[in-house]
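# Survey of secondary and tertiary structure
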Amino acid sequence: MSRRPDPGHLTRLRGPGGNRLSYHDHGGPGPALLALHGHFSDARTFTPLARAQAGHCRVIALDQRGHGHSARTEDYSRRGYVDDAAAVLRHLGLTAAVVLGHSLGGVNAYQLAARCPDLVRALVVEDIGAAPDGDLSFCLDWPHRAPTRAALLRELGASAPYLSGSIREYADGWGPVFRPADMVASQQALNGDHWDDWLGSDCPALLIRGRRSRVLDAAQARAMARRRARVQLVELDTGHAVHEADPVGFAGAVRAFLAGL
């Protein structure tokens with residue numbers, strides 16, 4: 001096993017098929033928690049969570065394929081994402097980790113638990129259901145690059161508040177940490193009935209839903225909690241990105257869940 005990097009250090013490895021992956025290891029004592037972000041995001045979205053959990057768990061946040069510093073790919077399949085998460089845990093010599101995921105990352109997390117139960121001790125699934133059905137084609141109208149951060153945010157218009165943490169400077173200007181066409185393809189591969197995967201593991205699970213979410217409705221969240229054993233359902237007064245809208249409440253729910261394991 002390679003030496004664990006300094007907290008928050010960006011580390012790269014070759015994932016399945018030689019695809020380049022990047023992750024941030026925030027270090028610290030306690031159980032290992034692998035954090036998987038959603039579409040239009042990257043590992044940095046979990047930095048506040050890592051700081052809030054310092055001393056309680058070791059947060060490892062992955063830039064999932066096609067996001068952040070991880071490489072683009074032609075493969076945004078369910079198997080591709082799950083194999084990436086498994087590869088990071090195995091690279092770090094970790095078994096029985098807690099796996100947390102938001103949206104896209106939430107499906108990846110519970111599919112990893114179903115397919116590689118030896119790697120997953122517990123699940124935290126944030127605001128995603130067992131049968132996602134989304135359309136991200138609206139993002140194809142977003143600009144590719146802009147000369148400055150401010151110019152990019154202006155061009156993004158009403159979407160800017162949701163993407164301010166998901167842009168960075170490149171050699172040819174400022175742009176998002178993803179390619180919109182990749183996000184459309186990824187969402188299309190995400191859509192479908194994944195109830196068998198949600199029910200395919202029996203490790204403890206925390207399902208966190210935003211009460212104002214337009215992605216996971218209350219009825220489906222309650223059905224997920226009812227049909228699978230060992231599930232806690234927590235609802236906070238936010239929209240879809242619970243960890244961003246209410247970082248204190250989100251971190252508190254995660255900490256309480258970890259303490260009960």
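Preceding block: the structure.
Before going further, it helps to spend a moment on the side chain of Ser 41. When you line up the elements, Ser 41 lands in the loop between strand 3 (32-36) and helix 1 (47-52). Residue classification places Ser 41 among the buried residues on the basis of a relative accessible area of 9%. With sequence-adjacent residues up to four places away left out, Ser 41 is seen in contact with His 67, Gly 68, Ser 166, Val 177 and Phe 178.

Another aspect to go through is the environment of Pro 143. Tracing the chain through its elements places Pro 143 in the loop between strand 6 (120-126) and helix 4 (149-156). Placed 13 residues apart in sequence, Pro 143 and Leu 156 show a C-alpha to C-alpha distance of 7.1 Å. Discounting residues that sit within four places of it in the chain, Pro 143 has contacts with Leu 152, Glu 155, Leu 156 and Pro 176.

Here we come to the pairing of strand 6. With respect to burial, strand 6 is a largely interior element, six of its seven residues being buried. Note: strand 5 (residues 97-102) against strand 6, six bridges, orientation parallel. What sits directly across from Val 99, in strand 6, is Leu 123. For the crossover that starts at strand 5, traverses helix 3 (residues 104-115) and ends in the parallel strand 6, the hand is right-handed. As judged from the four bridges shared by strand 6 and strand 9 (residues 205-210), these two strands associate in the parallel manner.

Quick look at the layout of surface pockets now. Space inside the largest pocket adds up to approximately 1,400 Å³. As for the largest pocket, its lining consists of 49 residues, and the residues nearest its centre are His 102, Tyr 162, Val 215, His 240 and Ala 241. Looking at the lining of the largest pocket, the elements with two or more residues in it are helix 1, helix 5 (160-163), helix 6 (180-190), helix 9 (242-245) and helix 10 (247-259). Taken together, the residues of the lining of the largest pocket break down into 22 nonpolar, 19 polar and eight charged. Each pocket or cavity is described by its volume, and for the second largest pocket that value is around 160 Å³. Around the second largest pocket, the lining is made up of 14 residues, and of these Gly 68, Arg 72, Arg 168, Tyr 170 and Val 177 lie nearest the centre.

Another point: the side chain of Arg 78. As for its placement among the helices and strands, Arg 78 is situated in helix 2 (residues 78-91). The side chain of Arg 78 sits in the buried core without any salt bridge; Asp 197 is the nearest counter-charge, 7.4 Å away. A polar atom in the side chain of Arg 78 sits 2.8 Å from the side chain of Gln 111.

Glancing now at the pattern of salt bridges. One pass over the full model with this rule turns up 11 salt bridges. The partner of Arg 72 in a salt bridge is Asp 182, with the nearest N and O atoms 2.7 Å apart. Within this pair, whereas Arg 72 is found in the loop between strand 4 (58-63) and helix 2, its partner Asp 182 is found in helix 6, the two being separated by 110 residues in sequence. Of the charged contacts in the structure, one is a salt bridge between Asp 83 and Arg 79, with a shortest N-O distance of 3.4 Å. Of this pair, Asp 83 and Arg 79 both sit in helix 2, four residues apart, roughly one helical turn. A residue is classified by how much of its surface remains accessible, and Asp 83, at 30% relative accessible area, is partly exposed. Ionic contacts of the salt-bridge type, sharing partners, join the residues Arg 65, Asp 75 and Asp 84 into one network.

On inspection of all chains with the given rule, the structure shows seven aromatic pairs. Between Tyr 110 and Trp 198, the ring centres sit 5.4 Å apart and the planes meet at 75°, which makes this aromatic pair edge-to-face. On the criterion of sequence distance, the pair formed by Tyr 110 in helix 3 and Trp 198 in helix 7 (residues 195-198) is long-range, its members being 88 residues apart. Here Tyr 110 and Trp 198 have matching classes, each one buried.

Reading guide: rules and limits
- Residues numbered from 1 in each chain as written.
- Predicted model: local features only at pLDDT ≥ 70, side-chain atom pairs only at ≥ 80, totals over all residues.
- Heavy atoms only, no water.
- Helix = DSSP H or I, 4+ residues; strand = E, 2+ residues; numbered from the N terminus.
- Buried < 20%, exposed > 50% of the residue type's maximum accessible area, 1.4 Å probe, protein only.
- Contact = heavy atoms within 4.5 Å.
- Pairing = 2+ DSSP bridges.
- Right-handed = clockwise from strand over helix to strand, strands pointing away.
- 1 Å grid on protein atoms, 1.4 Å probe; cavity = no way out; pocket = protein on both sides within 12 Å on 5 of 7 lines; lining within 4 Å.
- Points joined across faces, edges and corners; volume = space filled by probe spheres on them.
- Nonpolar A, V, L, I, M, F, W, Y, C, P; charged D, E, K, R; others polar.
- Lys, Arg positive; Asp, Glu negative; His and termini not counted.
- Salt bridge = Lys/Arg side-chain N within 4 Å of Asp/Glu carboxyl O.
- Polar contact = N/O pair within 3.5 Å; in protein donor to acceptor, adjacent residues only side chain to side chain.
- Phe/Tyr/Trp six-rings, centres within 6.5 Å; stacked < 30°, edge-to-face > 60°.

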